[in-house]
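Descriptive structure summary
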Amino acid sequence: MGTEHSKNEERRSMVFLRKGPKLPAWEDALLSGKEPKSLLKRGLRYVSLSLIMKGMTSTPDFLWGLPEVQKLNLSRNQLVVIPPSLGKLDRLVVLNLGGNCLKCLPKEIGLLRNLKVLFVNMNCLKEVPAELSLCKKLEVLSLSHNCISQLPLTFTDLTSLRKLNLSNNRFVQIPLCIFALRSLDFLHLGSNRLENIAESIQYLVNLQIFIVENNNIRSLPRSLCYISTLELLNVDYNAIQTLPDDLYLLRRLRRIAWNPMDKGLHIAHNPLSRPLPEVVEGGLDVLFNYLREKKEHN
């Protein structure tokens, strides 16, 4: 009797398991007896692993036993913590942690000495570990859509950094360490709480795209006009009333731009004092001629 009862219980359990929710691919790979390495994709340049949108609230333990991974995508999950074990993946070149619930990054991220691209956008970060500055090969960094208000001074060591996205955070001023990043060609600080742009912006001599839309900026520094490499300057949605006379020196700005993706000068939705609104409507050449003549008469 007892044996028959046990068999019935076992049958019911098996039926329940069959009707249960489908396991995530990464977990199923383990439970079916497969090697975790079977998830790796070996491309022409990189060994990659994508665990995007798997509903993970924590990272699977097998991950830290795959030191050959060079591109790792953990984006769009519900990860709350990245453990110190991240430092074991020291061959990583590209790491995507975007779209999670991370409140901090482990200091062991500094062990990723081959890291070139890091996305930690759309999380809950309030600060960035100083150890990130040990990733001297880092070229692209996105920290957008977080709660960050300052950066560690050691960021000056990221001399290879070319693209930096700090938009949608809580910066009141541009962190001083940024002005030491002479290789930057892209800097996005839109949708923060900036009230001014320091004259030190002129030290970013390779800057091509500079976006500070949707802040509280009241004026542009004259030194900004000396960054001859600028091709896109977006100051839409600020509190700018006047423009520096030397703005006409930015000869790589080809037009007054309205589409966010277009290169040129974006200056819409600012309380420009007259006659600037009418001048701007005439196009960039008209604006630059006006500013040039104004300077000559002063």
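These numbers were taken from a predicted model, which means no experiment stands behind them.

Here we look at the overall build of the chain
Across its full length, the chain holds 4 helices and 11 strands. Across the 298 residues in the chain, those meeting the buried criterion constitute 46%. For the chain, the proportion of contacts with a sequence separation of at least 24, taken over those separated by at least 6, is 31%.

A look at the nonpolar core
Judged by nonpolar contacts, the single largest core of 81 residues is most densely connected at L151, I178, F210 and L287. Elements with a minimum of two residues in this core: β2 (47–50), α3 (276–281) and α4 (284–297). Counting the residues that make up this core, at least three belong to each of domain 1 (45–161) and domain 2 (188–297). Here L151 is in contact with V128, L143, L166, F171, P175, C177 and I178, once residues within four sequence places are set aside.

Comments concerning the pairing of β2
Successive residues of a regular strand alternate their side chains across the two faces of the sheet. Of the two faces of β2, the one lined by V47 and L49 is fully buried and the one lined by S48 and S50 carries no buried residue. Here strand β1 (residues 41–42) pairs with β2 via 2 bridges, running antiparallel. The residue bridging R42 from the neighbouring strand is V47, located in β2. Linking two consecutive strands that pair antiparallel, namely β1 and β2, is a turn of 4 residues. Looking at chain direction, β2 and strand β3 (residues 71–73) are connected through 3 bridges and run parallel. Within β3, the residue paired with S48 across the bridge is K71.

Things to note about α4
Here α4 contains 14 residues, and its C-alpha end-to-end distance of 20 Å stays within 8% of the 20 Å for a straight helix at 1.5 Å per residue. Residues L284, L287, F288 and L291 constitute the buried set of α4. Down the axis of α4, the buried set is contained in an arc of 95°. They therefore lie on one face. Opposite its buried face, α4 presents the exposed residues D285, E296 and H297, each directed more than 90 degrees away. Here the buried face of α4 lies against β11 (264–266) and α3.

Quick notes on the sheet that holds β2
Taken in spatial order, the 11 strands make up an open sheet running β1-β2-β3-β4-β5-β6-β7-β8-β9-β10-β11, and their pairing is mixed. The open sheet is flanked by β1 and β11, the only strands paired with a single partner.

Description of the environment of L247
Position of L247 among the secondary structure elements: in the loop between β10 (232–234) and β11. For L247, the contacting residues outside a window of four places in its chain are C225, L265, F288 and L291.

Some words on the side chain of N123
Turning to its location among the elements, N123 is positioned in the loop between β5 (117–119) and β6 (140–142). Accessibility expressed as a relative area gives 8% for N123, which makes it buried. At 3.0 Å, the side chain of N123 forms a polar contact with the backbone nitrogen of L102. Of the polar contacts made by the side chain of N123, one reaches the backbone oxygen of N121; its length is 3.1 Å. Residues within four places of N123 in sequence aside, it is in contact with L97, G98, G99, N100, C101, L102, H145 and N146.

Section: the pattern of salt bridges
Evaluation of the coordinates by the stated rule reveals 11 salt bridges. A salt bridge links D185 to K163, with the shortest nitrogen-to-oxygen separation between them at 2.9 Å. Taken as a pair, D185 in the loop between β7 (163–165) and β8 (186–188) and K163 in strand β7 lie far apart in primary sequence, 22 residues in all. The exposure class of K163 is partly exposed, given its relative accessible area of 31%. One salt-bridge network, held together by shared partners, links E139, R162, K163 and D185.

Overview of the environment of A239
Take A239: it is sitting in the loop between β10 and β11. Sequence-wise, A239 and L272 are 33 residues apart; in three dimensions their C-alpha atoms are separated by 8.1 Å. With residues up to four places along the chain from it excluded, the contact list for A239 reads N216, I217, R218, N270 and P271.

Cut-offs used in this document
Residues numbered from 1 in each chain as written. Predicted model: local features only at pLDDT ≥ 70, side-chain atom pairs only at ≥ 80, totals over all residues. Heavy atoms only, no water. Helix = DSSP H or I, 4+ residues; strand = E, 2+ residues; numbered from the N terminus. Buried < 20%, exposed > 50% of the residue type's maximum accessible area, 1.4 Å probe, protein only. Contact = heavy atoms within 4.5 Å. Core = buried A, V, L, I, M, F, W, Y, C linked by side-chain atoms within 4.5 Å. Domains from an automatic or database assignment. Pairing = 2+ DSSP bridges. Expected span 1.5 Å × (residues − 1). Arc of directions from axis to C-beta. Polar contact = N/O pair within 3.5 Å; in protein donor to acceptor, adjacent residues only side chain to side chain. Salt bridge = Lys/Arg side-chain N within 4 Å of Asp/Glu carboxyl O.

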